[in-house]
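Structural overview
The chain contents come next:
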Amino acid sequence: MVQAVLAIDQGTTNSKAALVTPEGHLLATGSAPVGLSTPRPGWVEQDPENLWQSVLHAIATATSFEDGRVEVVGIALSTQRESVVGWDRSGEPVGPVLGWQDVRTAEWCAQLPSTVDDLVRRRTGLRVDAMFSAPKMRWLLDRSDAYVGTVDAWLIHRLTGCQEHLTEAGNASRTLLYDTVDLDWSPELLEAFNIPRAALPDVRPSNAGFGVTKDVPGLADGIPIVAVLADSHAAMYGQGCTQAGTAKATYGTGSSVMTPIAGFEPSGCTLAWLTDRPMYALEGNIVSSGAALAWTADLLGLPDVGALTTLAATVESAEGVVLVPAFAGLGAPHWDREARAALTGMSSSTTRAHIARSAVDAVAHQICDITDTIPGTLSSLRADGGATVSGLLMQTQADLLGHPVEAADVPEISALGVAELAWTTLGETTGWAGKRSFRTFDPGMDAGDRDRRRAEWAQAVASVRVRPA
């Protein structure tokens, strides 16, 4: 019989599951889509029960082959981050999942006094923004008497038969309520956002254990939930980015760029994980990257993003066409939620291929906007996420960065990252990330062309901004 960790990776649009051996081999995988709804402009919701069912479906697919040959010795959980769920004492959800892209609380956030933003920066390293969890929690609590938590807390609650009310420190650090130096919920921040402590789960280190399975279809009772990480943090763990000068970019619906730092900083800092000591990272969040590719594919009447990148590859450049995908405003490093999307630089000779190419460029430019703010020298960028299958995007990224890009050799990098932490916690020696192979893309654009394209992008971004830079 083979022992395996069941790694569950619950993302924005899909739930995935993988059986992972102590050596890091994938025995089987499963996935299921998760629907998104936008009932009003700026509102992004998911159904909590559908999300849970997608996890169960992914688990069932991954474990269907085992036929008694695999012993699941632990659960490892990677989850989307700032999205919020509310549920009552019986474990029933009291409203929709408010997705991390949801900006219904943007006006409320803008009306908070500057002293709150100062407090948030000093305690969390973040800034007040509708992307983060606290405003969403306040919105749910204004409408029901509920427990609230991020998606990891909701899944832990369900995986343990509604026995546990727990969250992981890295996920908690994205709420605007967790003091990332004192490593606990901050009474001052709870008061600032009017969030009762009793509504929140208890916080545990990333590998401290989060209860055992109970009444989960397809799984035996009593399997320990060994490790939990936020999905972008799990990707950083799986990419082996633990030293200064290394960075990872996750290309999903949005994007996260992270680089490790020695200690807490009150600007753009996040708690990547907490084990025997905290691992801090500088992070920039992009609101629309994969979503921009999907939007452009739909605009051009293409069946999917793969068809979009194929079309984009038929031209050498976008010929001055620039897409700024500020559909829900701009995230890092601009942080202008009032900015609106624009497609500029078109002429009578502009073709569908140029527009497609501008969407690919937009993803890469947004990553560069963040890496330009990273102090010191960036030796390379490690890439993961669904969009990394596009060689065109990865080469464009390397060209605009002027640095090599190393794309992960497997798409399940977040699942493997949290599985590696789980196996390490269970006493196995792993170190998979240091042995992983990559597809390397070296920059091939001359500096003058790079500077020209970056200047075109900066000009287009400036044209859509509402708040001053």
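Residues numbered from 1 in each chain as written. Predicted model: local features only at pLDDT ≥ 70, side-chain atom pairs only at ≥ 80, totals over all residues. Heavy atoms only, no water.

A few words on the UniProt feature "domain: Carbohydrate kinase FGGY C-terminal" (unreviewed entry) in the protein chain. Taking the numbering used here, the UniProt-annotated feature "domain: Carbohydrate kinase FGGY C-terminal" (unreviewed entry) corresponds to residues 248-422. In the segment residues 248-422, helix accounts for 34% and strand for 23%; the C-alpha atoms at its two ends are 21 Å apart. (UniProt positions renumbered as here; feature names shortened; annotations may be inferred. Helix = DSSP H or I, 4+ residues; strand = E, 2+ residues; numbered from the N terminus.)

Glancing now at unusual backbone geometry. Here alanine 332 and proline 333 are connected by a cis peptide whose omega angle stands at -5°. When you line up the elements, proline 333 lands in the loop between β18 (322-324) and β19 (342-344).

On to the side chain of arginine 454, then. Along the chain, the position of arginine 454 falls in helix α15 (residues 447-464). Of the residues examined, arginine 454 reaches a relative accessible area of 15% and is grouped as buried. At 3.1 Å, the side chain of arginine 454 forms a polar contact with the side chain of histidine 365. In this structure the side chain of arginine 454 is engaged in a polar contact, spanning 2.8 Å, whose partner is the side chain of aspartate 369. Every residue in contact with arginine 454, bar those within four places of it in the chain, is listed here: His365, Cys368, Asp369, Asp372 and Leu400. (Buried < 20%, exposed > 50% of the residue type's maximum accessible area, 1.4 Å probe, protein only. Polar contact = N/O pair within 3.5 Å; in protein donor to acceptor, adjacent residues only side chain to side chain. Contact = heavy atoms within 4.5 Å.)

Attention shifts here to helix α4 (residues 133-141). Two residues of an α-helix separated by three or four positions point the same way, owing to the 3.6 residues in each turn. Here α4 lies mainly inside the structure; nine of its nine residues are buried. Taken together, the buried positions of α4 are Ser133, Ala134, Pro135, Lys136, Met137, Arg138, Trp139, Leu140 and Leu141. Contact partners of the buried residues in α4: β6 (84-87), β7 (97-98), α2 (106-110), β8 (147-150) and α7 (187-193).

Let us look at the pattern of salt bridges. Taken as a whole and assessed by the stated rule, the structure comprises 23 salt bridges. Across the pair aspartate 117 and arginine 121 runs a salt bridge, and its minimum N-O distance is 2.8 Å. Of this pair, aspartate 117 and arginine 121 both sit in helix α3 (residues 114-124), four residues apart, roughly one helical turn. Since its relative accessible area comes to 18%, aspartate 117 is described here as buried. The salt bridge partner of aspartate 449 is arginine 452, with a shortest N-O separation of 2.5 Å. A residue pair is termed a helical-turn pair when its members lie 3 or 4 positions apart in one helix, as aspartate 449 and arginine 452 do in helix α15 at three residues. (Salt bridge = Lys/Arg side-chain N within 4 Å of Asp/Glu carboxyl O.)

Let us look at the pairing of strand β17 (residues 278-286). Burial analysis of β17 places eight of its nine residues in the buried class, the great majority of the element. Where strand β16 (residues 269-274) meets β17, five bridges bridge the pair, whose relative direction is antiparallel. Looking at the pairing, threonine 270 lines up with alanine 281 of β17. The turn linking β16 back onto β17 is made up of three residues. (Pairing = 2+ DSSP bridges.)

As a further point, take the sheet that holds strand β14 (residues 246-251). Ordered by their spatial adjacency, seven strands build an open sheet running β16-β17-β15-β14-β20-β21-β22, and the pairing between neighbours is mixed. Only two strands of the sheet have a single neighbouring strand rather than two, namely β16 and β22 (438-441). Averaged over all pairs of adjacent strands, the angle between their axes in this sheet comes to 30°, without regard to strand direction. In this structure, strand β21 (residues 405-408) lies alongside β22, joined through four bridges in antiparallel fashion. Bridging from a neighbouring strand, glutamate 406 pairs with threonine 440 of β22. Where helix α12 (residues 391-401) meets the sheet, it contacts β14, β20 (380-384), β21 and β22, and its direction lies at approximately 150° from that of β21. (Axes fitted to C-alpha atoms, helices over the stretch in contact; angles between N-to-C directions.)

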